[in-house]
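Chains, contacts and geometry: an overview
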Amino acid sequence: MPTSKWLVDATHSSVDFTIKHMMIAKVKGTFHEFSAEIEADPDDLTTANIRFDVTLASIDTRNADRDNHLRTGDFFDIEHYPTMTFQSTSIAKTGEGEYDVTGSLTLRGLTRPATFSVTYEGSGKDPWGNEKVGFSAQGAISRSSFGLTYNAVLETGGVLIGDEVKVAIELEAAKAG
């Protein structure tokens, strides 16, 4: 397949995360608003250009008080930094349909390298004749490297919020007109 532009089908895609809570459990959340600009040959992502933007105000951890706290200066500070952005810088094939996508992740005005393991899930045409492709991506980031250091020490030892944030993305995209 030649290189083409692909647009995210947000109704069939998701951006989810998991983080440790009190060092004994995991809290999951999602971002409902995101977009991507993808120029790629889905059969060979090594030459792809990928930009992914997440609207941080769209966070949903199924707890309104926690979500509102995450939007404040203690965490995302969405008033000053409303978006998290990933821009690919290199892509290496690691297996059949498997890639390490490395890029610059910007959060709270800080840009750090990040790598996601990406799997090409396949392609096909929907009932209306539109070309679609699917990808899964997984990775982890250190929230403290982006200035997200709010925490509390527990009386039993350890901290309230873990540093590693695991990210899971399911992406369906349609070939642009």
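Figured I'd write up the structure that's included with this text. All values reported here derive from a predicted model rather than from experimental measurement.

What counts, and where the lines are drawn
Residues numbered from 1 in each chain as written. Predicted model: local features only at pLDDT ≥ 70, side-chain atom pairs only at ≥ 80, totals over all residues. Heavy atoms only, no water. Patch = residues over 30% accessible without salt bridge, like charges linked within 9 Å, V, L, I, M, F, W, Y side chains within 5 Å. Areas by Shrake-Rupley, 256 points an atom, 1.4 Å probe, with all protein chains shown as cover. Salt bridge = Lys/Arg side-chain N within 4 Å of Asp/Glu carboxyl O. Lys, Arg positive; Asp, Glu negative; His and termini not counted. Charge placed at Lys NZ, Arg CZ, Asp CG, Glu CD. Helix = DSSP H or I, 4+ residues; strand = E, 2+ residues; numbered from the N terminus. Buried < 20%, exposed > 50% of the residue type's maximum accessible area, 1.4 Å probe, protein only. Polar contact = N/O pair within 3.5 Å; in protein donor to acceptor, adjacent residues only side chain to side chain. Contact = heavy atoms within 4.5 Å.

**So, a positive patch on the surface**
A contiguous patch of positive charge on the surface is contributed by Lys20, Lys26, Lys28, Arg62, Arg66 and Lys166. Within the secondary structure, Lys28 sits in strand 3 (residues 25-31).

**Quick word on the side chain of Asp9**
Considering the arrangement of structural elements, one finds Asp9 in the loop between strand 1 (4-8) and strand 2 (14-21). Judged by relative accessible area, Asp9 falls into the buried class, the value being 14%. For Asp9, the side chain forms a polar contact with the side chain of Lys132, separated by 2.8 Å. If sequence neighbours within four positions are ignored, Asp9 has contacts with Lys132, Glu172 and Ala173.

**Some details on the pattern of salt bridges**
Overall, the coordinates contain 4 salt bridges when judged by the stated rule. The closest approach of N and O atoms between Arg51 and Asp53, which form a salt bridge, is 3.1 Å. We classify Arg51 as partly exposed; its relative accessible area is 32%. In this structure, Glu131 and Lys175 form a salt bridge, with 3.5 Å as the shortest nitrogen-oxygen distance. Taken together, the positions of Glu131 in strand 10 (residues 131-142) and Lys175 in strand 11 (residues 161-175) put the pair 44 residues apart, joining distant regions of the chain. For Glu131, a relative accessible area of 27% gives the class partly exposed. Owing to a relative accessible area of 32%, Lys175 belongs among the partly exposed residues under this scheme.

**A closer look at the environment of Lys20**
Mapping Lys20 onto the fold places it in strand 2. Among the residues examined, Lys20 registers a relative accessible area of 39% and is labelled partly exposed. It is 7.9 Å that separates the C-alpha atoms of Lys20 and Asp163, two residues lying 143 residues apart in sequence.

Everything listed here is a matter of coordinates, which is why it stays silent on function.
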